[in-house]
Amino acid sequence: MAETQWYFDASAPGTVPPELLPVLEEKGVPADHILLCAKSDLNREMVRSDCWVLATDEDLIVLSGSVILTRRPDATIFTTKNRLERKFELLTWDVFERKTLSDFRVEEQIASARFTAKTADGDWLLIANLSNTYKSDFFALARFLGQLASDGKITPDEHAGHSRRDDMFCPKCGSRYIDEERKLCPKCMDKSRIIARTGQFVLKYKLQIVLLILMLLLTSALGVLSPYISSGFFYDQVLEKTGRFYGRVLMVLMIIIGTRLLSTVFNLFHSLVTTTIAANVIYDLKKVIFSSIERLSLSFFTNRQTGGLMTQVTRDANTIYWFFCDGVPYYLVNIVQIAVMLVIMLLMNPLLTLLSVLTVPLLFFSMRFLFGRMDKHHIKRWTRSRQMNAILSDILSGMRVVKAFSKEKDETVRFDRSSRALAAAETDASTFGTVAFPTVNLLVYVSNLVVLGVGGWMVIQGKMTYGILLTFTAYMNMILSPLNAFVNMVYEFTDSLNAMSRLCEIMDAKPDVAEAENPVHLEECSGRVEFRNVDFSYEKNRKVIDNVSFSVEPGEALGIVGHTGAGKSTLANLLIRLYDASAGKILIDGVDVKDLAYDDLRNNVAIVSQETYLFMGTILDNIRYAKPEATEEEVIEAAKIAGAHDFIIQLPDAYSTMIGFGHKDLSGGERQRVSIARAILRNPKILILDEATAAMDTETERKIQTALERLSVGRTTISIAHRLSTLRDADKLIVIENGKVPEAGTHQELIAKKGIYYNLYRLQMEAMKNIGIEE
Amino acid sequence: MAEKTNEKTALKEVVAVRYITKDNAKFEKNGDFIRMTASLPDDEGTTEEKTYDRIFLHRAFPFDFPYAYISVLDGDSKEIGIIQEIDALGEENAAMLRAELDRKYYTPVIRQILSVKDKFGYSYWKVRTDEGEIEFTCRDTFSSLLKVGGTRIFVNDIDGNRFEIPDLEALDRRSFKKIELFL
């Protein structure tokens with residue numbers, strides 16, 4: 001019941017639902033004095049009810065009660081629309097003085113949240129409870145209340161006219177979107193448009209498709225003809241003394257062989273055409289999907305599981321191909337064939353036709369029912385096999401631990417349990433299959449018998465010839481055989497439609513981060529970086545970076561310090577535009593990175609991050625990845641600076657060693673050194689080192705540090721590290737905490753300040769002292 | 001095993017876990033929240049009486065021991081100590097802390113499954129709970145169901161709400177049939 005839900009509209013946060021109006025009037029609060037109105041579903045005692053938090057100029061009002069649907073007083077039995085009226089029955093009404101409250105906060109709990117604030121005397125006050133459904137509404141509410149307290153007014157969200165309700169529910173049928181990002185309602189999707197769009201891929205091969213359908217039609221025409229020749233014609237015209245071709249058995253045999261041969265030729269031709277288009281269409285589809293995916297920004301990939309994405313691409317391409325090249329032609333031809341046969345049967349004997357068609361609906365529905373049941377068995381089997389595979393891969397990849405604690409026996413038991421559950425589900429499914437389908441066959445058999453009985457009686461009565469009866473039964477079986485396929489058609493079509501809508505969605509998806517239309521080119525980059533009041537959030541209403549400003553002069557080294565999760569890496573991701581800042585500006589040489597040409601940005605900024613990904617290939621390929629035209633000398637120089645040369649040269653195949661999936665495995669520190677070499681080879685003006693040396697031992701780190709120092713002449717370096725010793729040579733340090741920059745300055749200044757940096761430094765120094773190292 | 005461990009190697013000799021008991025702590029209502037006054041040793045080992053105006057409770061083993069092994073945290077999410085058994089704190093305290101825990105771990109209990117519709121890997125649920133009828137939606141039904149022990153199920157919906165089926169076998173047959181597919 002989507003209608004009973006109400007969601008906060010961030011573009012018009014003061015909108016009050018109509019059912020509250022009578023209550024507000026009764027309490028003497030004019031509706032246009034309401035500045036904010038958010039709904040929750042749990043009252044202050046954590047009991048499910050309809051609650052609202054309203055803000056006016058003076059007060060914060062929390063009311064709870066329940067919305068009741070009653071019949072409108074003026075409704076008659078003829079009223080069809082809006083017969084029900086929503087009434088709000090008020091239970092509690094609490095008023096807090098808004099100006100005395102501060103620090104509004106959504107405190108997340110396990111599966112619910114509390115909305116709290118601080119009172120004037122510093123105590124915490126519980127304002128409302130809510131389930132997670134309304135959590136993001138209340139994050140917005142807290143933000144707006146904060147704005148009210150500081151500026152005295154509310155700045156509604158820019159995307160006016162866009163409420164959360166529109167994001168969550170299908171405007172046509174009111175049911176909830178399965179995926180807010182996709183905004184796709186399975187009930188209301190525009191099927192014909194989607195089919196037309198994806199059809200283009202196949203229509204490129206018009207000629208082949210026409211050929212294909214022609215072949216199918218010819219084959220099926222022969223299929224309709226052959227029972228007549230081999231039974232009706234043979235018995236009535238050749239074997240009967242009265243027949244026109246009496247005794248010419250050989251001729252009939254030749255005709256039968258001829259039609260067989262012809263249909264074989266047609267079939268062969270059909271398969272040939274199919275295989276050529278199949279390969280081409282699938283190739284085209286995969287290319288389009290993959291290039292569209294690559295164009296998208298990183299957030300698309302973090303929202304979805306990447307592994308699943310690729311298998312989905314392959315599977316979808318096959319499904320779409322199947323729909324256009326196998327499915328649709330097959331059904332079309334079958335429908336034509338059935339229609340033709342029905343007409344012939346009707347001409348031959350209307351009564352028998354009716355008798356044989358009578359069982360078809362019965363068969364159809366019983367098969368549909370059985371397939372539905374079968375499907376349930378399949379789902380069960382599939383979930384259990386997924387479970388078993390999960391356990392299996394869990395145990396196998398943890399084998400070292402299993403053996404270390406000698407838990408082999410327990411693991412065998414665990415595997416055995418899920419394996420047995422799968423076996424049981426499989427037995428169920430097979431048992432069902434072996435019992436159900438012979439039952440359907442029996443039904444077919446019975447209807448055959450009825451036709452045979454009635455027909456036989458007619459032959460004896462002389463109302464029909466023996467040959468016609470034989471032709472008839474042959475046709476009947478031909479009509480029944482595609483029935484199976486038609487039963488499954490519905491499922492197969494929904495499957496294909498879903499694949500097609502996914503394809504359209506991927507093709508339509510707009511990258512959040514896109515190159516400017518008329519990008520600015522940097523002729524000569526000096527390497528000045530500035531962050532100006534930058535905000536960023538991965539999730540709506542939850543800032544990861546909050547009003548951060550700093551600048552780095554050309555050739556300077558900046559160190560970024562902070563706890564894990566404070567937002568250090570996010571700053572780096574924003575600078576290289578893996579994401580875009582939601583507010584504020586990031587400037588390189590005074591140019592907003594959003595206006596900068598991609599090529600210039602990526603050529604001048606290189607990053608070595610904590611996740612080092614090396615592609616399948618040789619070490620040389622990997623180092624050269626960013627600059628394919630680099631000479632061997634340059635590669636060796638870069639590797640030397642990165643401290644990678646020494647270990648690479650120890651390997652039997654040196655720079656030609658294959659790494660990646662299924663090949664040589666490098667250690668964490670080695671991988672980091674290779675990726676530093678990759679970044680250095682690019683020779684960028686701005687080098688970002690995001691925990692680049694974290695996986696190395698102290699000695700190697702020192703060596704690379706000295707090399708990097710030499711490199712950093714005339715280059716802007718931004719180093720992110722939690723080991724402070726890594727940053728001791730930085731010209732300037734900024735401390736980041738909870739997305740803000742509370743401290744900035746040189747090492748000496750920050751030590752003198754005795755703040756966060758000082759504490760971090762002291763702790764790390766103490767740890768060093770404890771193990772006997774003094775600096 | 002326990003008998004074999006001699007005193008010197010027992011883990012409690014190595015680390016001191018601060019346990020909150022009836023003797024070292026007092027609890028009282030502070031508006032909508034709970035205030036605690038406790039005398040517990042700090043990291044240096046000195047014991048001092050301290051008052052925490054608002055404490056946060058967190059279950060260490062939420063599925064197995066809802067009212068035992070409760071971590072008590074201060075406003076900065078730092079652990080003050082652990083309550084081994086809530087009921088050992090006296091009837092009045094136990095009732096207050098239990099109520100607070102129940103609120104934090106708000107989880108409607110599903111008594112009957114009215115319908116589950118599966119579409120494209122998402123499922124639309126309609127259930128009857130102790131709190132009345134609730135509708136919710138799950139993304140990837142299979143991984144939305146968390147099986148605890150043999151027959152206990154937690155269902156996580158698309159918004160991050162949580163529902164509990166305490167005993168699958170206690171469900172009526174028709175409800176069970178609806179969920180069985182996903183187990």
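As shown above, the structure is provided for reference.
What you see is a predicted model; the values in this text were computed from it and never measured. (Residues numbered from 1 in each chain as written. Chains lettered and ligands numbered in written order. Predicted model: local features only at pLDDT ≥ 70, side-chain atom pairs only at ≥ 80, totals over all residues. Heavy atoms only, no water.)

S.K.: Whenever I open this one, the interface of chain A and chain B confuses me. Can you help?
M.R.: A common way to express how large an interface is: the accessible area buried when the components associate. Listed as interface residues are 35 residues of chain A and, on the opposing side, 32 residues of chain B. Between chain A and chain B lies a buried interface of about 3400 Å² when both sides are counted; carbon and sulfur atoms form 52% of it. Counting across the chain A and chain B interface gives 5 salt bridges. In this structure, the connection of chain A to chain B is made through 10 residue pairs in polar contact (both at pLDDT 80 or more). Secondary-structure elements contributing two or more residues to the side of chain A that touches chain B are strand 6 (112-118), strand 7 (124-131), helix 9 (350-397) and helix 13 (483-508) of chain A. In terms of residues, the side of chain A that touches chain B owes the most to one element, helix 9 of chain A, which gives 7 residues. Looking at the side of chain A that touches chain B residue by residue, the classes come out as 13 nonpolar, 10 polar and 12 charged. (Contact = heavy atoms within 4.5 Å. Buried area = accessible area lost by both parts, 1.4 Å probe. Salt bridge = Lys/Arg side-chain N within 4 Å of Asp/Glu carboxyl O. Polar contact = N/O pair within 3.5 Å; in protein donor to acceptor, adjacent residues only side chain to side chain. Helix = DSSP H or I, 4+ residues; strand = E, 2+ residues; numbered from the N terminus. Nonpolar A, V, L, I, M, F, W, Y, C, P; charged D, E, K, R; others polar.)

S.K.: Looking at this model, I keep getting lost on the sheet that holds strand 12 (residues 162-165) of chain B. Mind explaining?
M.R.: In any sheet, the strands associate via hydrogen bonds between backbone groups, in a parallel or an antiparallel arrangement. Residues and elements named next belong to chain B. As summarised here, the arrangement of the 3 strands in space is 10-11-12, forming an open sheet in which the pairing is antiparallel. Each edge of the open sheet is held by one strand with a lone partner, namely strand 10 (145-148) and strand 12. Averaged over all pairs of adjacent strands, the angle between strand axes in this sheet comes to 20°, irrespective of strand direction. For strand 11 (residues 152-156) and strand 12, the ladder comprises 4 bridges, and the chain directions are antiparallel. When the bridges of strand 12 are listed, I153 appears paired with I165. (Pairing = 2+ DSSP bridges. Axes fitted to C-alpha atoms, helices over the stretch in contact; angles between N-to-C directions.)

S.K.: Can you walk me through unusual backbone geometry in this structure?
M.R.: With the exception of glycine, most residues fall at negative phi, and the peptide bonds are largely trans. All names here are of chain A. A positive phi angle, close to 60°, is found at R577, a residue other than glycine. You can call R577 buried: its relative accessible area is 3%. Look at A654: it is not a glycine, yet its phi comes out positive at around 45°. With respect to the helices and strands, the residue A654 is situated in the loop between helix 18 (645-650) and strand 15 (658-659). Of the residues examined, A654 reaches a relative accessible area of 18% and is grouped as buried. (Buried < 20%, exposed > 50% of the residue type's maximum accessible area, 1.4 Å probe, protein only.)

S.K.: Can you walk me through the sheet that holds strand 9 (residues 545-552) of chain A in this structure?
M.R.: All names here are of chain A. Spatial ordering of the open sheet is given by 9-8-11-12, a layout of 4 strands whose pairing is antiparallel. Only two strands of the sheet have a single partner each, and these edge strands are strand 9 and strand 12 (591-592). For strand 8 (residues 529-536) and strand 9, the ladder comprises 5 bridges, and the chain directions are antiparallel. When the sheet's bridge partners are listed, F536 is paired in strand 9 with I545. Along the sheet, helix 14 (residues 568-575) contacts strand 8, strand 9 and strand 11 (583-588); its crossing angle with strand 8, the most-contacted strand, is approximately 115°.

S.K.: Honestly, the nonpolar core in this entry has me stumped. Any pointers?
M.R.: Where a protein is soluble and globular, its nonpolar side chains tend to be buried together. Residues and elements named next belong to chain A. One finds L575 and I588 to be the most contacted residues of the largest nonpolar core, which totals 33 residues. Secondary-structure elements contributing two or more residues to this core are strand 8, strand 9, strand 10 (557-561), helix 14, strand 11, strand 16 (686-690), strand 17 (716-720) and strand 18 (732-737). Within the second largest apolar cluster, 30 residues are counted, among which are I623, A630, A642 and V674. (Core = buried A, V, L, I, M, F, W, Y, C linked by side-chain atoms within 4.5 Å.)

S.K.: Honestly, the pattern of salt bridges in this entry has me stumped. Any pointers?
M.R.: Close approach of charged atoms lets side chains of opposite charge pair. All names here are of chain A. If you walk through the whole model with that rule in mind, you get 31 salt bridges over all chains. A salt bridge links E553 to R528; its shortest N-O distance comes to 2.5 Å. Placement of the pair is E553 in the loop between strand 9 and strand 10 and R528 in the loop between helix 13 and strand 8, with a sequence separation of 25 residues. Taking the relative accessible area as the measure of exposure, E553 reaches 33% and is therefore partly exposed. Through salt bridges with shared partners, a single ionic network connects R528, E530, R532 and E553.

S.K.: Explain empty space enclosed by the protein to me, please; I cannot follow it from the model alone.
M.R.: The method is simple in principle: a probe with the dimensions of a water molecule rolls over the atoms, and the space it marks as empty is what remains. Tallied over the entire structure, the rule returns 4 cavities of 30 Å³ or more. Estimates place the volume of the largest cavity at around 80 Å³. (1 Å grid on protein atoms, 1.4 Å probe; cavity = no way out; pocket = protein on both sides within 12 Å on 5 of 7 lines; lining within 4 Å. Points joined across faces, edges and corners; volume = space filled by probe spheres on them.)

S.K.: Just to check I follow, could you spell out the side chain of H645 of chain A for this structure?
M.R.: Residue and element names in this part refer to chain A. Within the secondary structure layout, H645 lies in helix 18. Looking at H645, the relative accessible area reads 14%, which means it is buried. Apart from the residues within four sequence positions on either side, H645 is in contact with I636, A639, K640 and Y655.

S.K.: Would you take a moment to explain the pairing of strand 5 (residues 102-108) of chain A for this structure?
M.R.: For a regular strand, side chains alternate in direction, first toward one face of the sheet and then toward the other. The pairing of strand 5 of chain A with strand 6 of chain A spans 5 bridges and is classified as antiparallel. Bridging across to strand 6 of chain A, E107 of chain A finds its partner in R114 of chain A.

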